[in-house]
Amino acid sequence: MDEEYDAIVLGTGLKECILSGMLSVSGKKVLHMDRNKYYGGESASITPLEELFAKFSMPATQLEEYGRSRDWNVDLIPKFLMANGQLVKLLIHTGVTRYLEFKSVEGSYVYKGGKIFKVPADEKEALGSNLMGMFEKRRFRNFLVYVQEFNLNEPKTWKDVDANSTTTAQLYEKFGLDKDTADFTGHALALYRDDDYLAKPCLETINRIKLYSDSLARYGKSPYLYPLYGLGELPQGFARLSAIYGGTYMLDKQIDELVMEGGKVVGVRSGNETARCKQVYCDPSYVPDKVEKIGQVVRCICLLNHPIPNTKDALSCQIIIPQKQVGRKSDIYVSLVSYTHQVAAKGWFIAMVSTTVETENPEAEIKVGLDLLGPIKQKFVWVSDVFKPKDYGEESQIFISESYDATSHFETTCLDVLDIFRRGTGEDFDFSKVKHDLGDEQE
């Protein structure tokens, strides 16, 4: 360990593994260390099923009813990938798709007035949706057509809207959208987590809705993809990538100290060995004194032996419960995957309900999501703290990721990774090299 590295990455959570891969591909000499024996950190996949019960200190009795224990691969923080989103572009650009297989998620739903409805994502679906009345459907269809045709470089497509100054609330008003339609558009299509976006320029909202519909156009059923065998495959894919480009991996390695000189990191000490470096990238658990707690997320993993009711027996889906529908400040997310993704035994399903904690009784906050699932065979609830770095690392050269939020998709995760890469290297990651597709073999 007496070599000098451009960067040392601590922790093998997904964000750290992606960064390790990006840095290695960009020509940096990288050492990647983790105190754990396994990949994934906070975002690991748990297998076999006994491990899941043990993790939550629950008695693993009558496990035979759950089928073969080794068939289970349960994500602690499951998230879906947007088919046309940043993470898929990153996977393609870096070649990690060679190690992974994806399956499209069957449906995307939104909660309104106590029921769930399929999210209409194109003009045809909008006209057939039960989510809106007849006149509202037409207004929403006109809005979708406008968004699809909008091109920042062609002023004639703007239709008197300056997307850099017109707010999203004003855009909704222009098309006469009612509050409920605006609600599911902002939360289930544009994937905003709260309503702050309404007062901001509408360009980002337009781009987010375009991303949703472009992603939907790729594979048809929903805009989301999910890897076979669970998300645990993703960190390992990026780890392999880093290794191909000369990155060195050390698992099960105690991290005793970040060595500082003049306020700047110069190395990482493990026992009596020190690896020298110019920069450190890590998750919040490695530098508790350099992060602040900004909130909590409650998550509940539910094992089911049936699909979620009212989803046309979908074998996978996402349901977003917009905060206004249930009198909250933040949305509630429900995701479902199943044996078809090789993450559960035949005939079994894994649902996850999550949200940002707002009260003293976090489990009660996700009740509305749990109630949508039908009978639950087993559930595992936990609350985790959300940390963010106190500074951006310019002086210390320590670049820290934020904890994972409650969302059921990867868009916020990617934004954090790209931001850290930009801060650490002084340049944006170059997506223009993305040449190939995920391949026609995807379902």
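Look up: the structure comes first, before these words.
Residues numbered from 1 in each chain as written. Predicted model: local features only at pLDDT ≥ 70, side-chain atom pairs only at ≥ 80, totals over all residues. Heavy atoms only, no water.

A. Quick look at the pairing of strand 11 (residues 257–261). Strand direction decides the pairing type here: strand 11 and strand 12 (residues 264–270), joined by 5 bridges, are antiparallel. Across the sheet, residue Glu-257 finds its bridge partner in strand 12, namely Arg-269. Two successive antiparallel strands, strand 11 and strand 12, enclose a turn made up of 2 residues, where Gly-262 displays a positive phi of approximately 60°. (Pairing = 2+ DSSP bridges. Helix = DSSP H or I, 4+ residues; strand = E, 2+ residues; numbered from the N terminus.)

B. Highlighting the pattern of salt bridges. Within the structure shown, the criterion is met by 23 salt bridges. Within the structure, one salt-bridge network assembled from shared partners comprises Asp-419, Arg-422, Arg-423 and Asp-428. (Salt bridge = Lys/Arg side-chain N within 4 Å of Asp/Glu carboxyl O.)

C. Layout of the packing of aromatic side chains. Under the definition given, this model contains 22 aromatic pairs. Judged by centre distance (6.3 Å) and plane angle (90°), the ring pair of Tyr-212 and Tyr-224 falls under edge-to-face. Here Tyr-224 lies in strand 9 (residues 224–227) and Tyr-212 lies in helix 8 (residues 203–219), a separation of 12 residues in the sequence. A network of ring pairs unites the aromatic residues Phe-140, Phe-143, Tyr-146, Phe-150, Tyr-172, Phe-175, Phe-184, Tyr-192 and Tyr-197 as a single cluster. Over the face of the ring belonging to Tyr-404 we find Lys-15, whose NZ or CZ atom lies 5.0 Å from the ring centre. The positively charged end of Arg-240 is found above the aromatic ring belonging to Tyr-99, 4.9 Å away from the centroid. (Phe/Tyr/Trp six-rings, centres within 6.5 Å; stacked < 30°, edge-to-face > 60°. Lys NZ or Arg CZ within 6 Å of the ring centre and 35° of its normal.)

D. Fine view of the packing of helix 5 (residues 134–149) against helix 8. Closest axis-to-axis distance for the helix 5/helix 8 pair is 9 Å, and the angle between their directions is 95°. One element, helix 5, and the other, helix 8, form an angle in the roughly perpendicular class. Along the contact surface, helix 5 presents Phe-143, Leu-144, Tyr-146, Val-147 and Gln-148, while helix 8 presents Ile-206, Ile-209, Lys-210, Ser-213 and Asp-214. Here the contact of helix 5 with helix 8 is built from residues that sort into 6 nonpolar, 2 polar and 2 charged. (Axes fitted to C-alpha atoms, helices over the stretch in contact; angles between N-to-C directions. Parallel < 35°, antiparallel > 145°, perpendicular 65-115°, else oblique. Contact = heavy atoms within 4.5 Å. Nonpolar A, V, L, I, M, F, W, Y, C, P; charged D, E, K, R; others polar.)

E. Quick look at the side chain of Ser-396. As for its position among the elements, Ser-396 is in the loop between strand 18 (378–389) and strand 19 (398–400). The buried category is assigned to Ser-396, whose relative accessible area is 7%. Reaching out from Ser-396, the side chain makes a polar contact with the backbone nitrogen of Ile-398 at a distance of 3.2 Å. If sequence neighbours within four positions are ignored, Ser-396 has contacts with Met-260, Gly-263, Lys-264, Val-265 and Asp-391. (Buried < 20%, exposed > 50% of the residue type's maximum accessible area, 1.4 Å probe, protein only. Polar contact = N/O pair within 3.5 Å; in protein donor to acceptor, adjacent residues only side chain to side chain.)

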